[in-house]
Protein chains: 2
Amino acid sequence: MNLKNNLYTDTGWEIAEAAFNPDQVATTGSNFMIGNGYLGYRGTLVEWEADRYTACIVSDTYDKADGFRELCNVPNGLFTQLFVDGEMLSVFTGETHDYARGLDLRSGRFFRSQTWEGTRGQRVHLETERLASYDNLHLIAMRYRFRVAQPSQVVISTGIDGKVWNLNGEHFRTYAPSAEGDLLLFQAVTGELGTQIDVVEGLTLMGAQPQTRELVRGQRRIVRRLAFALERDQTVTMEKAVAIATSNDVSAPREHAQADARAALRDGYDATRTRHSKEWERIWAVSDIQIEGDLEDQITTRFSLYQNIIATPTHARLPIGARGLSCQVYQGAAFWDQEIFNLPMFLYTRPWIAKNILRYRHDTLDGAREKAERLGFGGAFYAWTSGKTGEELFPDFFFTDVLTGRRIRNHFNDWQIHISPDIVTSIWQYYVATGDWDFVVKHGAEIAFEVAQFLVSRSHYRVDKGRYELIRVLGPDEYHENVDNNAFTNHQTHFALEKALTIREMMKESAGGELEALFDRLGLTETDVENWKDIAERIYLPQPDPETLLIEQFEGYFQLEDVRPDEVRQRLLDPEEYWGWPNGVAVRTQVLKQADVLQLFALHDGLFAKDVMRANYDYYEPRTEHGSSLSPSVHSLVASRVGCPGRAYEYFKKGSTIDLYDASTKVMSGGTFLGGIHTAACGGVWQMIVQGFGGLHVDEAGIRLAPSLPDHWERVAFHLVIRNNLLAIELRGDEVRVRAAQENGGSVRVAVGEEVRVLSGGDSATMAV
Amino acid sequence: MNLKNNLYTDTGWEIAEAAFNPDQVATTGSNFMIGNGYLGYRGTLVEWEADRYTACIVSDTYDKADGFRELCNVPNGLFTQLFVDGEMLSVFTGETHDYARGLDLRSGRFFRSQTWEGTRGQRVHLETERLASYDNLHLIAMRYRFRVAQPSQVVISTGIDGKVWNLNGEHFRTYAPSAEGDLLLFQAVTGELGTQIDVVEGLTLMGAQPQTRELVRGQRRIVRRLAFALERDQTVTMEKAVAIATSNDVSAPREHAQADARAALRDGYDATRTRHSKEWERIWAVSDIQIEGDLEDQITTRFSLYQNIIATPTHARLPIGARGLSCQVYQGAAFWDQEIFNLPMFLYTRPWIAKNILRYRHDTLDGAREKAERLGFGGAFYAWTSGKTGEELFPDFFFTDVLTGRRIRNHFNDWQIHISPDIVTSIWQYYVATGDWDFVVKHGAEIAFEVAQFLVSRSHYRVDKGRYELIRVLGPDEYHENVDNNAFTNHQTHFALEKALTIREMMKESAGGELEALFDRLGLTETDVENWKDIAERIYLPQPDPETLLIEQFEGYFQLEDVRPDEVRQRLLDPEEYWGWPNGVAVRTQVLKQADVLQLFALHDGLFAKDVMRANYDYYEPRTEHGSSLSPSVHSLVASRVGCPGRAYEYFKKGSTIDLYDASTKVMSGGTFLGGIHTAACGGVWQMIVQGFGGLHVDEAGIRLAPSLPDHWERVAFHLVIRNNLLAIELRGDEVRVRAAQENGGSVRVAVGEEVRVLSGGDSATMAV
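Right, let's walk through the structure included here. (Residues numbered from 1 in each chain as written. Chains lettered and ligands numbered in written order. Predicted model: local features only at pLDDT ≥ 70, side-chain atom pairs only at ≥ 80, totals over all residues. Heavy atoms only, no water.)

A look at the overall build of chain A
- Counting its regular elements, chain A contains 19 helices and 35 strands.
- In terms of C-alpha radius of gyration, chain A reaches 27 Å, essentially the compact-globule figure of 27 Å for 769 residues.
- With respect to the principal axes defined by its C-alpha atoms, chain A has extents near 85 × 60 × 55 Å.
- Taken over 769 residues, chain A has a buried fraction of 67%.
- Within chain A, contacts between residues at least 6 apart in sequence are counted, and of these 66% link residues at least 24 apart.
- Split by element, the accessible area of chain A, about 25,200 Å² in all, is 45% carbon and sulfur.
- Of the side chains in chain A, 79 bear a positive and 107 a negative charge, and the two mean positions are spaced by 3 Å. (Helix = DSSP H or I, 4+ residues; strand = E, 2+ residues; numbered from the N terminus. Rg over C-alpha atoms; globule rule 2.2 N^0.38 Å. Buried < 20%, exposed > 50% of the residue type's maximum accessible area, 1.4 Å probe, protein only. Contact = heavy atoms within 4.5 Å. Areas by Shrake-Rupley, 256 points an atom, 1.4 Å probe, with all protein chains shown as cover. Lys, Arg positive; Asp, Glu negative; His and termini not counted. Charge placed at Lys NZ, Arg CZ, Asp CG, Glu CD.)

Describing helix 11 (residues 487-509) of chain B
- Given a rise of 1.5 Å per residue, 23 residues ought to cover 33 Å, and the 33 Å separating the end C-alpha atoms of helix 11 of chain B matches this to within 8%.
- The buried fraction of helix 11 of chain B amounts to 17 of the 23 residues, a majority that puts the element mostly inside the structure. (Expected span 1.5 Å × (residues − 1).)

What about unusual backbone geometry?
All names here are of chain A.
- Omega for the peptide link from W581 to P582 comes to 10°, which places this bond in the cis form.
- You will see that L549, though not glycine, has its phi angle at about 70°, which is positive.
- Checked against the element boundaries, L549 lands in the loop between helix 13 (526-538) and helix 14 (565-570).
- L549 sits in the partly exposed class, given a relative accessible area of 23%.

Quick look at the sheet that holds strand 17 (residues 196-206) of chain B
All names here are of chain B.
- If you trace the 10 strands from one edge of the open sheet to the other, you get 1-2-10-11-12-13-20-17-16-15, paired in antiparallel fashion. Every other strand in the sheet has two partners, leaving strand 1 (7-8) and strand 15 (172-180) as the edge strands with one partner each.
- Where strand 12 (residues 123-132) meets strand 13 (residues 139-148), 9 bridges bridge the pair, whose relative direction is antiparallel. Bridge pairing in strand 13 links E127 to R145.
- The sheet strands contacting helix 3 (residues 269-287) are strand 11 (109-117), strand 12, strand 13 and strand 20 (235-246), and the helix crosses strand 12 at an angle near 45°. (Pairing = 2+ DSSP bridges. Axes fitted to C-alpha atoms, helices over the stretch in contact; angles between N-to-C directions.)

Describing the interface of chain A and chain B
- Across the contact, 38 residues belong to chain A and 38 residues belong to chain B.
- Approximately 2,900 Å² of surface area, both sides summed, lies buried where chain A meets chain B, with 48% of it carried by carbon and sulfur atoms.
- Counting across the interface, chain A meets chain B through 4 salt bridges.
- Note that R406(A) is salt-bridged to E577(B), the shortest N-O span being 2.7 Å.
- In this structure, the connection of chain A to chain B is made through 17 residue pairs in polar contact (both at pLDDT 80 or more).
- Looking at the side of chain A that touches chain B, its residues break down into 16 nonpolar, 9 polar and 13 charged. (Buried area = accessible area lost by both parts, 1.4 Å probe. Salt bridge = Lys/Arg side-chain N within 4 Å of Asp/Glu carboxyl O. Polar contact = N/O pair within 3.5 Å; in protein donor to acceptor, adjacent residues only side chain to side chain. Nonpolar A, V, L, I, M, F, W, Y, C, P; charged D, E, K, R; others polar.)

Here's the deal with the relation of the copies chain A and chain B
- If you rotate chain A by 180° and push it 0.1 Å along the axis, it lands on chain B with an RMSD of 0.1 Å. On the angle and the small slide along the axis, the relation comes out as a two-fold axis.
- When the interface residues of chain A are mapped onto chain B, 100% of them again lie at the interface, so the same face is used by both copies. (Least-squares fit on C-alpha atoms with pLDDT ≥ 70 in both.)

What about the packing of helix 4 (residues 295-310) of chain B against helix 18 (residues 645-655) of chain B?
All names here are of chain B.
- Two elements in contact, helix 4 and helix 18, have axes whose closest approach is 10 Å; the angle formed by their N-to-C orientations is 55°. In terms of axis orientation, helix 4 runs oblique to helix 18. Seen from above, helix 4 lies across helix 18 with left-handed handedness. Where helix 4 approaches helix 18, its residues E296, D297 and T301 are matched on the opposing element by Y649, F652 and K653.
- Taken together, the residues of the contact of helix 4 with helix 18 break down into 2 nonpolar, 1 polar and 3 charged. (Parallel < 35°, antiparallel > 145°, perpendicular 65-115°, else oblique. Left-handed = near helix turned anticlockwise from the far one by under 90°.)

Describing the pattern of salt bridges
Residue and element names in this part refer to chain A.
- This structure, assessed with the given rule, holds 122 salt bridges over all chains.
- Measuring nitrogen to oxygen at the nearest pair gives 2.9 Å for the salt bridge that ties E555 to R467. One end of the pair, E555, is in the loop between helix 13 and helix 14; the other, R467, is in strand 25 (residues 467-469), with 88 residues separating them in the sequence.
- Among the residues examined, R467 registers a relative accessible area of 14% and is labelled buried.
- The shortest N-O distance in the salt bridge between E505 and R504 comes to 3.0 Å.
- Accessibility expressed as a relative area gives 3% for R504, which makes it buried.
- One salt-bridge network, in which partners are shared between bridges, spans D104, R109, E129, R143, D270 and R273.

This is how it looks when you write it as structure tokens:
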């Protein structure tokens, strides 16, 4: 089936482009990436160089350049140029037929095929595929096979290209390419922290042997030049194995990478691929969402799930980058997106990954404590942009005023305080979904208490009003900085304080002395608990207006100029201007960047009545610019909840195609390149379907499903893991089927409408909607 | 004696320019203005029109145009053009000799003389003078006398020019020029509020009678054309009387102005001038500062005193404009300048004027209450820009980003909260200097209590720190907006709360039930008083660092880039850029616009030890840009206090010549015209001399003088009125002479060093320094 943007799918498992579009080099490089949470390799063509955004981003390689501490793009071990009768195969020269480039999502493989006619009548057919192994995360494997149509002089230039694309400054202080036996090695050492990165490459040739071999070593590139005299229709297959290791993940990265590369070459590509595919089978068994009735929705959904999966480190406790491992944008670091958008899919399908993510937040508590202290607060104020250590990576000056060239001081890092309570919200959701009290005691409680301490120090009491306030904040709508009593932030703060109190109460009741030990370690006293209580009780919580039912986004919002995004867009003097502070076009208007009050509804189903949610949806939705890729999924989810299935589906279309159709996002804003995979939007796709269309609600009692599927969807099937019990869910227009896996150790209460079933292992139920 | 800028003085009482400089049309128009607190008439030439900034600004004519509610420039009743043989006498054409334009400060008169040779050999000598009567505030009188050197055909075109200069929009909805008998009348009605303004003009001719008289009436101008055939050396004298009245100050303005004009014409110019001069004699008797040893300092000082006097309405309770009545800049409205800069001179010489000013603040309490309520606070939050009613006149958007053309939201009006406690500080100073308890009970207490209520609502308590804070403020240094715990603002808040508590205590002790009545009327309870106490006790008061003795201007100030103003100036992309928020060159640096911590020292002598003041002076002074005309006088005053007489004198020179030498000020900033007389700087001159060089300190016990005169000043003499007792003070390098006026009813304690004298009426003392 043909899709927009030259894309197609046939099975709903593969997504590919049928024609090469040179204008989309940056976008397709992201979309067709492979990865495994340890590394990401962009879907670029192997003959390309840095100017076409080739990149292999490796987790845990944070290093600072030009003020940005970000992940490194390591030397490109797949680099391969094919010269046929002296002319390089390319998509830019000669003629290309039978072109395809895409992904097999089921097994996490990139593929490319192309029949190329050179300008001198050469003709060659290329088929190549590659994978970032889930069996050995350090490994990238590629099969590169070509057939010449007539006798040809062919040169393969293949090796490691260290001339890498850097979004900001140069990250390596030394580059050391070398050869050892058949292997090529490339060692780079980072400039700031001296992290050693080793890329080792080897290859196997089949179908022909080179007449000559030449090693070409430059300062930043090392390649073999292999020359062949090929006959008509002769096929040559090259298998490359590239292993990557760094001093941050193994003790002897060079030796480690060498061993991995040799082992992979010994096994051969097919064996590597088989092992890798098995891992993907296991992942999809619980992560897939089947959609019957719309193949396009099926493939865009799977694409999104795939991207969320490969963006997420599971080998270590590391952040999920806002652009995953697709490029250096946003520094390979976590934002609130991680808990609020990426995590729910894992929480309800592979909860150990959700736990891993939350433990990462526990690991980084010291960074959050330092940030709080530096800014004059107590407890833990999580980084807006969090790398390995949790130190604040967000630069004070991120955007540029494109009209004046002056840097803009954005206050994401110091005023967007909801990040801390957002993490507590996620901890609580994790506990409710898993019942993992052990995690709460060992990790969650410390986060919750330290966040509570931060919130105490960040709250201000107004004597005359007898209430606590949160002053000078930035809510999710990033176009309105420096506002007071942002409804989302105040309610989140309240929720986090309540949960800190609840956790404390629960720990008090459970014996073991952990509470006392933790309080001792954190230096907490009853006075602190009294403060949590006092603020939880007396913090100002914006409520719906009794007449209009509207909740004001922040104090004074309704007094702002009431215009729509299109009108505001007309006021731009430059299309790349940032719309927000200090003087952007949206600042003095009611135009929102993204869901803010609605975000509160998305996080807390049931906090407000449906008519309140509906009134606010109707008010805020037309005023929202959706300048963030986070926005459509929240709108879809809330539209489902308030009974607007048409709008829910429209936003689903928007939110599930952000990267594939390059829609709804700004690649440039305020002079900053913001491309790459929008991993949070990908996580949002799971939420739109399962929590939106499926109406999933999880609480201490069990789950509730309230499906309202898009009309033409015949069936949606997915899995859930609730308190360690696996459930297979099938939704149709009029019924819900639930099967509890045979091996389930407990039972799960499932409600649909008025009907409630308690399902133990092997049980199944069909319930009418 | 010749001064800079083509200026000269001979007696120290007159200041004039010896040559006309067309580049200084705007500045000299302000400098040579006449006025009487009711109206101001610029020192422009009578033949000029709106394009040369002619203006007659009348108090109490606030009306809104283009978003600015400001005083009106009324039709120009002095308008007179002299044609000699068909060519108009001018400073721009022909040749000018014996030119002078200036002021006789002693009698508040403008004078101009010029011998003009036209391009056709005509030759005429003009002598003219004018005054804005202090005997009848509605009256402007002019004598216009010329002599032709040879027989000439002369036409005088004189009348009322209604084509006025408007800084912002058009203020009049109707213009009605007319003639009634010999008088010309011009009625204008303002567009917003319908205020009726009547300008009535009449003249008397001597020395010749016109051959023809013609009345020329345009839509916005009415003039008589008087044609003369003059003989060689014939002198013609025209006396004009212009009377102005508005429906805001009299019930029948037209009739009132007609009567005034007729009376003045009947009396003749000389009589008008005599009566006017007598008033000035009375004013100078107590207001003058005599400086022996430097004629330049003498004249610049008198010029400053003169400008402060004529800017100040005494006929009604109206604000002192930041540019007085010199133009429409700053809307003819009061800022904190009024209490902190203009008022002290009056407080210690003509305290009834200080009282008038403070009663104006009482009159405008409702405006301050409304502002507080509108912004979500209690009590009284005084307008940053206060016209007649006290409503906030400062527009949200004042400056323009000259680089982008976008308007800048400046937060003078909502974040510069110190205005309210500043007024309370002034009330307390008034009480200490006058002992006028009756004023405190009737007016001061209500202000102090309402300001306390505002400060309670504007304070935020930090539970974790156990202290109150002032968040998101703008201190006197207007380049750093949105700061927390600005030392000046916090200390001022503390002072104001303490004084509210003191006044309450004192009222409690004095019988009469006024306290209870006032509390009832204001709805105040003991809980409110407890809040004042609690905040006064626990507000965070930035203190000197024990090592460096430095007081941080606001939280985080010392972390800002430490550069000097010259370096920052280099970063301007346009010389007219505003240096402050949102993205100005000073915002992220330690560069101050004007005294901020030092301002605290200026207001509260003795709050910090001399070494603390000195350390802070040394730190902040080189970082101060003096982008405000308020800055030099504070620096001079503090330099005197910390023992830096050289610097004190340098800043005196700067501060006393701001208008005359057009120094230290920006005429344009952020796209806004900011010219006109800097009345606060003029008031600052009195403070630099009396409180700085003279070391005057006034407290409940009496006065202290600690002179450190500039070395070459031989003698400084001025008067003080302390608790209704007049003192004549003479300072010399080594001694202080004080004479208590014969008529004094009480005694004043005078201290100089260790020596203390108590002087009753007729006493005098000479005390060694």
